[in-house]
Amino acid sequence: MDKSIVQAFHAEEIIQKEGETYEEMYKILSGSVALYNRYGEKDEFLIGIYSKSKCFGELGILSGQPSIYTAVAYDEVLAMRITRDSLEEFVRNNPKNAIDIMQNMTHTVKVMQKNINLLLDDIYEKQNLNKLRTEDIKRKIMQYSISGLHI
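What counts and what doesn't
- Residues numbered from 1 in each chain as written.
- Predicted model: local features only at pLDDT ≥ 70, side-chain atom pairs only at ≥ 80, totals over all residues.
- Heavy atoms only, no water.
- Helix = DSSP H or I, 4+ residues; strand = E, 2+ residues; numbered from the N terminus.
- Buried < 20%, exposed > 50% of the residue type's maximum accessible area, 1.4 Å probe, protein only.
- Contact = heavy atoms within 4.5 Å.
- Areas by Shrake-Rupley, 256 points an atom, 1.4 Å probe, with all protein chains shown as cover.
- Core = buried A, V, L, I, M, F, W, Y, C linked by side-chain atoms within 4.5 Å.
- Pairing = 2+ DSSP bridges.
- Phe/Tyr/Trp six-rings, centres within 6.5 Å; stacked < 30°, edge-to-face > 60°.
- Salt bridge = Lys/Arg side-chain N within 4 Å of Asp/Glu carboxyl O.

For the rest of this paragraph, the subject is the overall build of the protein. Counting its regular elements, the protein contains four helices and eight strands. Put simply, the protein runs from its N terminus to its C terminus through helices and strands in the order β-β-β-β-β-β-α-β-β-α-α-α. Looking at the protein as a whole, 36% of its 151 residues are labelled buried. The long-range share in the protein, meaning contacts at least 24 apart out of those at least 6 apart in sequence, stands at 72%. When the accessible area of the protein is evaluated, it comes to approximately 9200 Å², of which 55% is carbon and sulfur surface.

Structure representation (structure tokens):
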């Protein structure tokens with residue numbers, strides 16, 4: 001028996017906050033969810049908007065690490081809450097969702113890597129750093145960002 005719980009969220013309600021740790025992920029049943037970096041700050045960045053059948057929060061539930069984005073209900077949202085304890089059963093009962101979870105993780109990692117590159121380019125331009133040193137920093141950060149995911 002599936003132990004997932006269906007939850008409703010109102011437009012602009014924060015579902016998960018960047019930097020906090022969660023024991024659950026969500027599958028959107030209706031509505032849309034916006035994912036942001038630095039939500040509410042002057043330099044907030046929209047990662048994407050997910051709608052029906054998409055999952056979010058998977059990186060945190062699989063790695064046990066804090067969320068790398070803030071998830072905000074874009075409109076009225078109905079979502080299935082999947083806990084760490086019920087994840088295996090959820091995937092077994094909904095095998096297509098395993099592919100969706102992997103695609104979402106791939107998208108998120110690509111966006112984060114692009115953000116890292118843009119940030120480092122900005123640092124280079126503003127501080128006129130030695131280009132060789134900047135490339136060395138980029139390489140180290142990229143290695144860390146990929147090896148830091150213990151999935």
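Let us look at the nonpolar core. One broad rule of soluble globular proteins: the nonpolar side chains tend to lie buried together. Core analysis: the largest hydrophobic core is formed by 15 residues, its most contacted members being Phe9, Ile15, Val33, Leu35 and Phe56. Broken down by secondary-structure element, the contributors of at least two residues to this core are β3 (24-30), β4 (33-37), β5 (45-50), β7 (70-73) and β8 (77-83). Apart from the residues within four sequence positions on either side, valine 33 is in contact with Ile15, Ile28, Gly48, Ile49, Tyr50, Phe56, Ala71, Val72, Tyr74 and Val77. Core analysis: the next-biggest nonpolar cluster, separate from the first, contains ten residues, Ile61, Met80, Ile82 and Ile101 among them.

With that out of the way, let us pick up the sheet that holds strand β1 (residues 5-9). Reading across from one edge, β1-β8-β3-β6 is the order of the four strands in this open sheet, with antiparallel pairing throughout. Taken across any chain shown, the strands that pair with only one partner, and hence form the sheet edges, are β1 and β6 (55-56). In terms of strand pairing, β1 meets β8 through five bridges, oriented antiparallel. Opposite alanine 8, over in β8, you have leucine 78 as the bridge partner.

Once that is clear, we can look at the packing of aromatic side chains. In the structure shown here, the tally under the stated rule is three aromatic pairs. Between phenylalanine 9 and tyrosine 26 the ring centres are 5.7 Å apart and the planes differ by 85°, which places this aromatic pair in the edge-to-face class. Of this pair, phenylalanine 9 sits in strand β1 while tyrosine 26 sits in strand β3, and the two are 17 residues apart along the sequence. Side by side, phenylalanine 9 and tyrosine 26 carry an identical accessibility label, which is buried. Judged by centre distance (4.9 Å) and plane angle (50°), the ring pair of tyrosine 36 and tyrosine 39 falls under tilted.

On to the environment of glycine 19, then. Take glycine 19: it is sitting in the loop between β2 (14-16) and β3. A sequence separation of 51 residues divides glycine 19 from threonine 70, and the C-alpha atoms of the two residues are 8.3 Å apart. Once residues within four sequence positions are removed from consideration, glycine 19 is found in contact with Pro66 and Ser67.

For the structure on display, the rule yields five salt bridges. With a shortest N-O distance of 3.2 Å, aspartate 43 and arginine 38 are connected by a salt bridge. The class of aspartate 43 is partly exposed, set by a relative accessible area of 38%. A salt bridge links glutamate 88 to arginine 92; the shortest N-O distance between them is 3.5 Å. In this pair, glutamate 88 and arginine 92 both sit in helix α2 (residues 87-93), four residues apart, roughly one turn of the helix. A relative accessible area of 57% places glutamate 88 in the exposed class.

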